[in-house]
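So you can see what is in the structure, the chains are spelled out below.
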Amino acid sequence: MENQTRRSMLKSAAIAAGAATLATADAVAEKPAKPEKKAYGHGADRKAGEAPPLFNAAVSYGNLLFLAGVGYHKPGTIQEATKAVLDEIEENLKSAGSSMDKVLKVSVFLNDLKDYAGMNEAYKSRFGDTPPVRTTVAPAGGVPGNSLVEIDVIAYI
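Sequence order as written defines residue numbering, which begins from 1 separately in each chain. Thresholds applied to this predicted model are a pLDDT of at least 70 for local features of residues and 80 or more for the giving and counting of side-chain atom pairs; totals over whole chains, interfaces and linings are not thresholded and use all residues. Only heavy atoms go into the side-chain values, all of them from the structure, while hydrogens and water stay out.

(A) Structural view of the packing of aromatic side chains. Only the six-membered ring of Trp is used, alongside the rings of Phe and Tyr, when aromatic pairs are assigned; centres must lie within 6.5 Å, and planes under 30 degrees apart are stacked while those over 60 apart are edge-to-face, with the rest tilted. Tallying each qualifying case throughout the model produces one aromatic pair. A ring pair is formed by Y123 and F127, whose centres lie 5.1 Å apart and whose planes are at 45°; its orientation type is tilted. Whether a residue is buried, partly exposed or exposed follows from its accessible area with a 1.4 Å probe, protein chains only, as a fraction of its type maximum: under 20%, in between, or over 50%, in that order. Judged by relative accessible area, Y123 falls into the buried class, the value being 9%. On the basis of relative accessible area, F127 is assigned to the buried category, the value being 3%. Only when the NZ of Lys or the CZ of Arg is both within 6 Å of the ring centre and within 35 degrees of the ring normal is a charge said to sit over the ring. Here the basic side chain of R134 rests over the ring of Y123, its NZ or CZ set 4.5 Å away from the ring centre.

(B) How the structure looks around a nonpolar patch on the surface. Among the surface-exposed residues, Y61, L64, F66, L104 and Y156 lie close enough to one another that they form a single nonpolar patch of about 450 Å² accessible area. Runs of H or I in DSSP of at least four residues are treated as helices and runs of E of at least two as strands, each being numbered from the N terminus. Within the secondary structure, L104 is located in strand β4 (residues 103-110). Classification of L104 by relative accessible area gives partly exposed; the value is 43%. What makes a patch is a set of residues exposed beyond 30% relative accessible area and free of salt bridges, joined within 9 Å when like-charged and within 5 Å when nonpolar (Val, Leu, Ile, Met, Phe, Trp, Tyr). For accessible areas, the Shrake-Rupley method is used with a probe of radius 1.4 Å. Any residue's cover is judged against the shown protein chains and nothing else. Here, a salt bridge means any side-chain nitrogen of Lys or Arg that lies within 4 Å of a carboxyl oxygen of Asp or Glu.

(C) A look at the pattern of salt bridges. Applying the stated criterion to the full structure yields six salt bridges. Between E90 and R126 there is a salt bridge whose closest N-O contact spans 3.2 Å. Separated by 36 residues along the polypeptide, E90 in helix α2 (residues 78-95) and R126 in the loop between α3 (116-123) and β5 (133-137) bring together distant segments of the chain. Judged by relative accessible area, R126 falls into the buried class, the value being 19%. One salt bridge in this structure joins K114 and D112, with 3.9 Å as the shortest N-O distance. Put simply, K83, D87, E90, K94 and R126 are held in one network by salt bridges that share partners.

(D) Expanded view of the sheet that holds strand β3 (residues 64-71). The criterion for strand pairing is that DSSP finds at least two bridges linking the strands in question. The six strands are arranged β1-β2-β3-β6-β4-β5 in an open sheet whose pairing can be described as mixed. Taken across any chain shown, the strands that pair with only one partner, and hence form the sheet edges, are β1 (37-40) and β5. Direction aside, neighbouring strands of the sheet carry axes that sit 15° apart on average. Pairing of β4 with β5, which is carried by five bridges, proceeds in the parallel orientation. Its bridge partner being in β5, V106 is matched across the sheet by R134. Contacts were defined at the residue level, with two residues in contact if any of their heavy atoms lie within 4.5 Å. Each axis is a line fitted through C-alpha atoms, and for a helix only the stretch in contact is used; angles between axes span 0 to 180 degrees, taken between their N-to-C directions. Where α2 meets the sheet, it contacts β3, β4 and β6 (149-156), and its direction lies at approximately 30° from that of β6. Against the sheet, α3 contacts β4 and β5, and its axis sits at roughly 150° relative to β5.

Structure below.
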């Protein structure tokens, strides 16, 4: 009878081990799909055989969205330029399935650091109750295209 109890225990242990192996195999089989890199805006709609663009307007990877810098290449005040840039960024976010509330990181490039306070006037309250982290710099060579400001963002989709 002792052998029968031992066999019963070994059989139960083998069944449990088999169930654990199957559970592990199922977990491996149900791995989420690998994130995909996707382009939006200019560069995303190129024809087969065309050379890749220098850069895309936006690229997502999984649930992260990276928008290229947007500048304002017209005369005007820093407040007008910042508002126009943020309006365009908002449109780009919406077209990619995101929003200003989902922006995680903002980089602001000012042509002149003296415009910092004016940029902040137009910038405040544009990103909801929990604003994103932000870096603001004034590059030594200025902003390309003689823009007063250029802004790029990273957002969640």
